[in-house]
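# Architecture and fold: a report
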Amino acid sequence: MIAATCHIPTIDTPDLILRGYRESDFEALATFGGSQRACFVGGPHDRWACWRAFLAGMGHWSLRGFGMWMVEHRASGQVAGRVGMILNDGWHEPELGWHIYQEFEGRSLAYQAAQAARDYAARHQGLDRVISYIDAENIRSLRLAHRLGAQFECNADLLGQPCQIFRHPAVGADA
């Protein structure tokens, strides 16, 4: 088996490890992607679409030098979600995106992960005051964006779907 050669930095938080992809992470991603919980990220997806998204996550790092981290719950060693920066074809600008898997919700892990990713991206990748695309019905993500200090900027369309754009504050401005 050939290992991926793309370097993805590791970020440690009190409860999480934001790290690169491992093939063993795929099952957790496929479970999330195939569920109704993925409705705000274009899902649910079949297993093949989840595999393509998994590989695209790695490829994004190679192409852009930034991307989504796998979120590992430190205490359990389980994959808890993904968080990071995305700039796909058709995006207006880099986005801070997140999804925490169901069994890890309600513990402030999404906040911890998004804050760490945002800070790293601003300090090391030149990505500050990024946006987040959020579906107006995604109450959890709207709450998290507000908690992170992001402000509603405008309504937009992303891949033919309506969404709202939230602008995150400059790193250091929310400390």
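All of the points below concern the structure found in this document. Note that this is a predicted model, so its numbers are computed, not measured.

This part takes up the packing of aromatic side chains. Enumeration over the complete set of coordinates arrives at eight aromatic pairs. Taken together, a centroid distance of 5.0 Å and an interplanar angle of 90° make the contact between F26 and W51 edge-to-face. Of this pair, F26 sits in helix α1 (residues 26-33) while W51 sits in helix α2 (residues 47-64), and the two are 25 residues apart along the sequence. Judged by its relative accessible area of 6%, F26 falls in the buried class. W51 sits in the partly exposed class, given a relative accessible area of 26%. Taking the centre distance of 5.8 Å and the plane angle of 85° together, the rings of W91 and Y133 count as edge-to-face. Of this pair, W91 sits in the loop between β4 (79-86) and β5 (95-100) while Y133 sits in strand β6 (residues 131-134); the two residues are 42 residues apart in sequence, bridging distant segments of the chain. Both residues of the pair, W91 and Y133, belong to the buried class. Three or more aromatic residues joined by ring pairs make a cluster, and in this case those are Y21, F26, W51 and F54.

So, about α2. Under the 1.5 Å per step criterion, the end-to-end length of α2 is 25 Å for 18 residues, consistent within 8% with the ideal 26 Å. Most pronounced at M58, the bend in α2 amounts to some 25°. Every buried residue of α2 is listed here: A49, C50, F54, G57, H60 and W61. Downstream of α2 by one or two residues, G65 has phi in the positive range, about 85°.

By the alternation rule, side chains of strand β2 (residues 16-19) split into L16 and L18 and I17 and R19, which are all buried. Relative to β2, strand β1 (residues 11-12) is paired through two bridges, and the arrangement is antiparallel. The residue bridging I11 from the neighbouring strand is L18, located in β2. Where β1 folds back onto β2 in an antiparallel hairpin, the turn is made up of three residues. Looking at chain direction, β2 and strand β3 (residues 68-73) are connected through four bridges and run antiparallel. Bridged to I17 within β3 is E72.

About the cut-offs
Residues numbered from 1 in each chain as written. Predicted model: local features only at pLDDT ≥ 70, side-chain atom pairs only at ≥ 80, totals over all residues. Heavy atoms only, no water. Phe/Tyr/Trp six-rings, centres within 6.5 Å; stacked < 30°, edge-to-face > 60°. Helix = DSSP H or I, 4+ residues; strand = E, 2+ residues; numbered from the N terminus. Buried < 20%, exposed > 50% of the residue type's maximum accessible area, 1.4 Å probe, protein only. Expected span 1.5 Å × (residues − 1). Bend = angle between axes of the 7 residues up to and from the residue. Pairing = 2+ DSSP bridges.

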